[in-house]
Amino acid sequence: MTRAIQNTGFSCMKCGKEILPLTNGSYRNHCPHCLSSRHVDNKPGDRSSQCKGLMKPIGLRFNSKKGYQVVHQCTRCGEIKVNKVADCTVQPDDTNKLILLQSL
Ligand SMILES: [Zn+2]
Ligand SMILES: [Zn+2]
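For the structure given in this document, a descriptive report is provided here. (Residues numbered from 1 in each chain as written. Chains lettered and ligands numbered in written order. Predicted model: local features only at pLDDT ≥ 70, side-chain atom pairs only at ≥ 80, totals over all residues. Heavy atoms only, no water.)

### Digging into the overall build of the chain
Part 1 of the argument: From N to C terminus, the chain includes one helix and six strands.
Part 2 of the argument: Starting at the N terminus, the α and β elements of the chain follow one another as β-β-β-β-β-β-α.
Part 3 of the argument: For 104 residues, the compact-globule estimate of 2.2 N^0.38 gives 13 Å, and the C-alpha radius of gyration of the chain, at 13 Å, lies within 12% of that figure.
Part 4 of the argument: Expressed as lengths along the three principal axes of its C-alpha atoms, the size of the chain is roughly 40 × 30 × 30 Å.
Part 5 of the argument: A total of 104 residues make up the chain; the buried ones form 38% of that total.
Part 6 of the argument: Looking at the chain as shown, the accessible area adds up to about 6,600 Å², and 53% of this sits on carbon and sulfur atoms.
Part 7 of the argument: Within the chain, one finds 16 positive and 7 negative side-chain charges whose respective centroids are separated by 4 Å. (Helix = DSSP H or I, 4+ residues; strand = E, 2+ residues; numbered from the N terminus. Rg over C-alpha atoms; globule rule 2.2 N^0.38 Å. Buried < 20%, exposed > 50% of the residue type's maximum accessible area, 1.4 Å probe, protein only. Areas by Shrake-Rupley, 256 points an atom, 1.4 Å probe, with all protein chains shown as cover. Lys, Arg positive; Asp, Glu negative; His and termini not counted. Charge placed at Lys NZ, Arg CZ, Asp CG, Glu CD.)

### Points about the coordination of the zinc ion (ligand 2)
Part 1 of the argument: All of the protein donors around the zinc ion (ligand 2) are His39 (ND1), Cys51 (SG), Cys74 (SG) and Cys77 (SG); their distances to the metal are 1.9 to 2.4 Å.
Part 2 of the argument: What the four donor atoms of the zinc ion (ligand 2) show is an angle range of 104 to 119° at the metal, which sorts the shape as tetrahedral.
Part 3 of the argument: If you list the donors of the zinc ion (ligand 2) from N- to C-terminus, the spacing comes out as H-x11-C-x22-C-x2-C. With His39 in the loop between strand 3 (37-38) and strand 4 (54-63) and Cys77 in the loop between strand 5 (67-74) and strand 6 (80-84), this residue pair connects regions lying 38 residues apart in the sequence.
Part 4 of the argument: With relative accessibility at 3%, the residue His39 sits in the buried group. (Donors = N, O, S within 2.8 Å, 3.2 Å for Na, K, Ca; no water. Tetrahedral: all angles 85-135°; square planar, octahedral: opposite > 155°, others 65-115°.)

### Brief notes about the coordination of the zinc ion (ligand 1)
Part 1 of the argument: Summarising the metal site, the zinc ion (ligand 1) is bound by the protein donors Cys12 (SG), Cys15 (SG), Cys31 (SG) and Cys34 (SG), whose distances to it range over 2.3 Å.
Part 2 of the argument: Coordination at the zinc ion (ligand 1) comes from four donor atoms whose angles at the metal span 105 to 116°, giving a geometry best classed as tetrahedral.

### Digging into unusual backbone geometry
Part 1 of the argument: For Leu35, which is not glycine, the phi torsion reads 65° and is therefore positive.
Part 2 of the argument: Relative to the elements of secondary structure, Leu35 occurs in the loop between strand 2 (18-19) and strand 3.
Part 3 of the argument: Overall, the relative accessible area of 1% leaves Leu35 in the buried class.
Part 4 of the argument: The phi torsion at Lys52 lies on the positive side, around 60°, for a residue other than glycine.
Part 5 of the argument: Within the element layout of this structure, Lys52 appears in the loop between strand 3 and strand 4.

### Some thoughts on the pattern of salt bridges
Part 1 of the argument: Under the definition given, this model contains three salt bridges.
Part 2 of the argument: For Asp41, the salt bridge goes to Arg47, with nearest N and O atoms at 3.9 Å.
Part 3 of the argument: Between Lys81 and Glu79 there is a salt bridge, with the nearest N and O atoms lying 3.1 Å from each other.
Part 4 of the argument: A residue is classified by how much of its surface remains accessible, and Lys81, at 17% relative accessible area, is buried.
Part 5 of the argument: Judged by relative accessible area, which is 34%, Glu79 ranks as partly exposed. (Salt bridge = Lys/Arg side-chain N within 4 Å of Asp/Glu carboxyl O.)

Pasting the structure below:
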């Protein structure tokens, strides 16, 4: 059985901005404006987590295969997840915020 992976827009839990889905085939899971995310997935895109907590960005790291990744921690259950930075033309991640994260 395959579960359909959703790739829809959403509004940010933190700053309330409307976020468009990615069109380059990858999956958007955090806000490009404040880099916050929401704990909705167990596996990326599956939307099966019951937590729904706010995930705040706590750092930036570089993976030689996947490129830059934002490290998120859930403010509700404490789970840490790593998400690829969105390098797209529509609503790319805020570079200034990414730089701030890198210096943490
Ligand atoms: Zn936001
Ligand atoms: Zn959580």
